[in-house]
Every structure is written in C-alpha cells, then in structure tokens.
Amino acid sequence: QFNAIGVVYPIAKTDGVVITSKYRGTGALISPCHMLTNYHVAFEASRREVLFEVGQSSGDVTGFTYKTVGQVIDAGAFWAERDVVDDWALVKLMDPRSRRSANVGDRVGFLQIAAAPPATILERPVTSAGYTGGQALGLMGHVNCRLARVDQDRRWRMACSMTEGQSGGPVTLRTADR
C-alpha cells in the first residue's frame, strides 16, 4: 500500500520555461489516475500542474519507477489565504505527451480510502506516511500516532512526528474489514 505514495513537485512557468518548484510534498494515489495531496503543495506552482514520482522499489531509495504530470482538477483553499481549513487538492495524472490518463495506479496500486468524521478516529492509532523534504527520498512512516484534537476552525491536530516534505501524505486508520 505504501508504494502508492510518492513525491509531488509543483510545476511553474518562468519566462516561457517550464520548471519544477524547489519545494516538494507528498501525494497518495487514490485511484488508477488520481492523486490526493495538500493545496499548499500543489499550488506552489503557477500552472495548476505537478510532477508526481511514484513506485519506489525497496532496493533503490534514490529514485522512482514512474514520473507523470498531473493537472489539479479540484481543490479546497489554502489555509493562510482565507479563514478556512480546506487544505487539499485532487490531481488527475496524465501522460505528458498524449495528455491521456496515466493509469500509474494500475501498476503500483492505490489506497482505497473512505472519509471518516473526526469523532470516529479521535485517539485511535493511525499511521501517517510521507517523504521528507531533504535530499534523501526515503519514505517515513509514523505508526500508532493519533489524532489528538480538532480545533474550532476544523484543523486536525495530529500527534505524529511530521517533517517538511511530508505534507500531503496520507493519514490512515486500519479498520476491521480492511
């Protein structure tokens, strides 16, 4: 399941040249061709596009098997821009040449997710995962951390050790049927 988690690089356009941002975050495949990340990760770019690298093999922690471009198709709002907490972005992954869906999730897998209200997971052990922001591309997992509280403004406060670059990574709860 963790092979469906990858690194997200926002794409910017500067003087007609397409470049990736120096910032990066984490994203998770939630279907064969859709990736979910944070708004603040995806919208670092000026083009509503990201580069997504996924499919890291256990024997090679320096690279990924698949690189694909994604277009932000729906998103919340950046928490610093408005008085809301809606920090998510849904990205459709495409083959950069043909612009057709890149069904990379068929090759590496994807997380089958269901939204849960905070009360059902409050104080229950969850797992968070993401790639650190440094040079090492190692996936960091935090097992048995928890959702500590939900603030009045709906911000979820996790008791998980997170570092820069792990933004956008999934927080999962294993249920009896999955």
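Position numbers for residues count from 1 along each chain, tracking the sequence in the order it is written. With pLDDT at 70 or above as the cut-off, local features in this predicted model cover only qualifying residues; side-chain atom pairs require 80 or more to be listed or tallied, and sums for whole chains, interfaces and linings still use all residues. Hydrogens and water molecules were not included; the side-chain quantities draw on all heavy atoms of the structure.

## Some details on the overall build of the protein
To keep it simple, the criterion reads: The helix and strand labels rest on DSSP assignments: H or I over at least four residues marks a helix, E over at least two residues marks a strand, and numbering proceeds from the N terminus. Partly exposed residues are those whose accessible area sits between 20% and 50% of the maximum for their type, while under 20% is buried and over 50% is exposed, using a 1.4 Å probe and protein chains only. In this description, contact between two residues means that some pair of their heavy atoms is separated by no more than 4.5 Å.
For the protein, the helix and strand inventory stands at three helices and 11 strands. If you list the helices and strands of the protein from N to C, you get β-β-β-β-α-β-β-β-α-α-β-β-β-β. Relative to its 178 residues, the protein shows a buried fraction of 39%. Long-range contacts, defined as pairs at least 24 residues apart, comprise 60% of the intrachain contacts of the protein with a sequence gap of at least 6.

## A short note on the sheet that holds strand E10 (residues 156-159)
Stated formally: Strand pairing follows a simple DSSP-based rule, namely that at least 2 bridges must link the two strands.
Pairing is antiparallel in the open sheet, where four strands are placed in the order E10-E9-E8-E11. Taken across any chain shown, the strands that pair with only one partner, and hence form the sheet edges, are E10 and strand E11 (171-172). Pairing of strand E8 (residues 125-131) with strand E9 (residues 139-150), which is carried by six bridges, proceeds in the antiparallel orientation. Across the sheet, Ala129 pairs through a bridge with Gly141, a residue of E9.

## Observations concerning the pairing of strand E4 (residues 34-37)
With burial as the criterion, only one face of E4 is covered, namely that bearing Met35 and Thr37; the residues His34 and Leu36 on the opposite face remain uncovered. Bridge analysis of strand E3 (residues 25-29) against E4 gives two bridges, and the strand direction is antiparallel. Looking at E4, one finds that Leu29 is bridged to Met35. Remark: four residues form the turn of the hairpin made by E3 and E4, two consecutive strands paired antiparallel. Pairing of E4 with strand E7 (residues 86-94), which is carried by four bridges, proceeds in the antiparallel orientation. Across the sheet, His34 pairs through a bridge with Lys92, a residue of E7.

## Some words on a nonpolar patch on the surface
In plain terms, the rule: Exposure above 30% relative accessible area and no salt bridge define the residues that can form patches, which grow by joining like charges within 9 Å and nonpolar side chains of Val, Leu, Ile, Met, Phe, Trp and Tyr within 5 Å. The protein chains shown are the only cover counted for residues, whose accessible areas, like all others here, come from Shrake-Rupley with a 1.4 Å probe. One side-chain nitrogen of Lys or Arg within 4 Å of one carboxyl oxygen of Asp or Glu is enough to make a salt bridge.
Taken together, the side chains of Leu122, Val150 and Trp156 present a nonpolar region at the surface, about 250 Å² in accessible area. Mapping Val150 onto the fold places it in strand E9.

## Description of unusual backbone geometry
The phi torsion at Asn144 lies on the positive side, around 60°, for a residue other than glycine. Residue position: Asn144 is located in strand E9.

## Some remarks on the confidence of the model for the protein
Using the following cut-off: On a scale of 0 to 100, pLDDT captures the predictor's confidence in every residue.
Summarising the model, the protein shows a mean pLDDT of 78, and 79% of its residues fall at 70 or more. Ranking the elements of the protein by mean pLDDT puts strand E2 (residues 17-20) last, at 66, and E4 first, at 94.

## A look at the pairing of E7
Each regular strand displays side chains that alternate between the two surfaces of the sheet. Relative to E7, strand E6 (residues 66-77) runs antiparallel, the two being bridged by seven bridges. Looking at E7, one finds that Ala77 is bridged to Asp86.

## Thoughts on the nonpolar core
Note the following rule: Definition of nonpolar core: a set of buried residues of the types Ala, Val, Leu, Ile, Met, Phe, Trp, Tyr and Cys, connected through side-chain atoms within 4.5 Å.
The biggest cluster of nonpolar side chains holds 24 residues, and the ones touching the most others in it are Leu29, Met35, Phe52 and Leu93. At the level of elements, strand E1 (5-14), E3, helix H1 (39-42), strand E5 (49-54), E7 and E8 are the ones that each hand at least two residues to this core. Top element by residues in this core is E1. It accounts for four residues. Beyond its immediate stretch of four places on either side in the chain, Leu29 contacts Ala4, His34, Met35, Phe52, Val54, Leu93, Val104, Gly105, Val108, Gly109, Phe110 and Leu111.

## A look at the pattern of salt bridges
Enumeration over the complete set of coordinates arrives at one salt bridge. A salt bridge links Glu53 to Lys67; the shortest N-O distance between them is 3.3 Å. Separated by 14 residues along the polypeptide, Glu53 in strand E5 and Lys67 in strand E6 bring together distant segments of the chain. Under the relative-accessibility criterion, Glu53 is labelled buried at 8%. Judged by its relative accessible area of 55%, Lys67 falls in the exposed class.

## Remarks on the packing of aromatic side chains
This is how it is decided: Between 30 and 60 degrees the pair is tilted, below 30 it is stacked and above 60 it is edge-to-face, where a pair is any two Phe, Tyr or Trp rings, Trp via its six-membered ring, whose centres lie within 6.5 Å.
In the structure shown here, the tally under the stated rule is one aromatic pair. Between Phe64 and Tyr131 the ring centres are 5.5 Å apart and the planes differ by 70°, which places this aromatic pair in the edge-to-face class. Pair noted here: Phe64 is in the loop between E5 and E6 and Tyr131 is in strand E8, with a separation of 67 residues, a long-range link. Owing to a relative accessible area of 12%, Phe64 belongs among the buried residues under this scheme. Residue Tyr131 is classed as buried on the basis of its relative accessible area, which comes to 2%.

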